[in-house]
Amino acid sequence: LGGTAAVLATRSCNGYMAVISDLAHPVERWHCCGVPFTAMLQVAPQVPGESFRPRPGIFPRKVDLDAAAFASWKEVRDSCAKEELYENPGPIQLSGPSARRVTKTIATRFSYLKELEGLQRNLEALRTRCRPGCHLRQVKVASGILTTLNGILDELSEHVVPTTFLEPAVK
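Every value quoted in this text rests on a predicted model; they were computed, and no experiment measured them.

Visitor: Looking at this structure, how should I read the overall build of the protein chain?
Guide: Helices and strands together make up the secondary structure of the protein chain, namely five helices and four strands. Taken from N to C terminus, the helices and strands of the protein chain fall in the order α-β-β-β-β-α-α-α-α. For the protein chain, with 171 residues in total, the buried portion stands at 11%. Contacts in the protein chain between residues at least 24 apart in sequence constitute 35% of all its contacts with a sequence separation of at least 6. Accessible surface, the protein chain: about 14,500 Å² in total, of which carbon and sulfur atoms supply 58%.

Shown next, in the form of structure tokens:
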């Protein structure tokens, strides 16, 4: 992770976070990369009547109560309350008895790179369907959807100028 951060810094890749994905696999299959912070930004929904424009931000995530990791915890939580079953190996271990263990959260979470691969597959399928000679309706629908999607992505990545909503102090 530190090496990836160093490469990003020496190549002047500002606004990127060093990431390692596929941690559920052995170390040899991990993928190191830089992810732009904008990929993690979300815009909070605007409440009707608000006088300001919502700003993108990185919001905390809550525990997904429907995820496999939490379901696994629910199975043993009563035992954990009665017995000493707590175990924390600390950060990912590269050697020692727990080096091959993977936490449930990491093992069941999505991979950023796999998501990008899925996007590439979808784009290739679209390219195949909208080849020269295909029905005009397919091209119009695909073009409209992509235009809408690009508008949404532009809105999410738009630079918002901070504004002050405080009244000036009265002397």
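Moving on from the model shown.
Visitor: Is there a simple way to explain a nonpolar patch on the surface in this structure?
Guide: A cluster of nonpolar side chains, V43, L146, L149, I152, L153 and L156, forms an exposed patch at the surface whose accessible area comes to about 450 Å². In terms of residue count, the dominant contributor to the nonpolar patch is helix 5 (residues 136-157) (five residues). With respect to the secondary-structure elements, L149 resides in helix 5. Judged by its relative accessible area of 41%, L149 falls in the partly exposed class.

Here is what the cut-offs are and how they apply
Residues numbered from 1 in each chain as written. Predicted model: local features only at pLDDT ≥ 70, side-chain atom pairs only at ≥ 80, totals over all residues. Heavy atoms only, no water. Helix = DSSP H or I, 4+ residues; strand = E, 2+ residues; numbered from the N terminus. Buried < 20%, exposed > 50% of the residue type's maximum accessible area, 1.4 Å probe, protein only. Contact = heavy atoms within 4.5 Å. Areas by Shrake-Rupley, 256 points an atom, 1.4 Å probe, with all protein chains shown as cover. Patch = residues over 30% accessible without salt bridge, like charges linked within 9 Å, V, L, I, M, F, W, Y side chains within 5 Å. Salt bridge = Lys/Arg side-chain N within 4 Å of Asp/Glu carboxyl O.

Any functional reading would require information that these geometric values do not contain.
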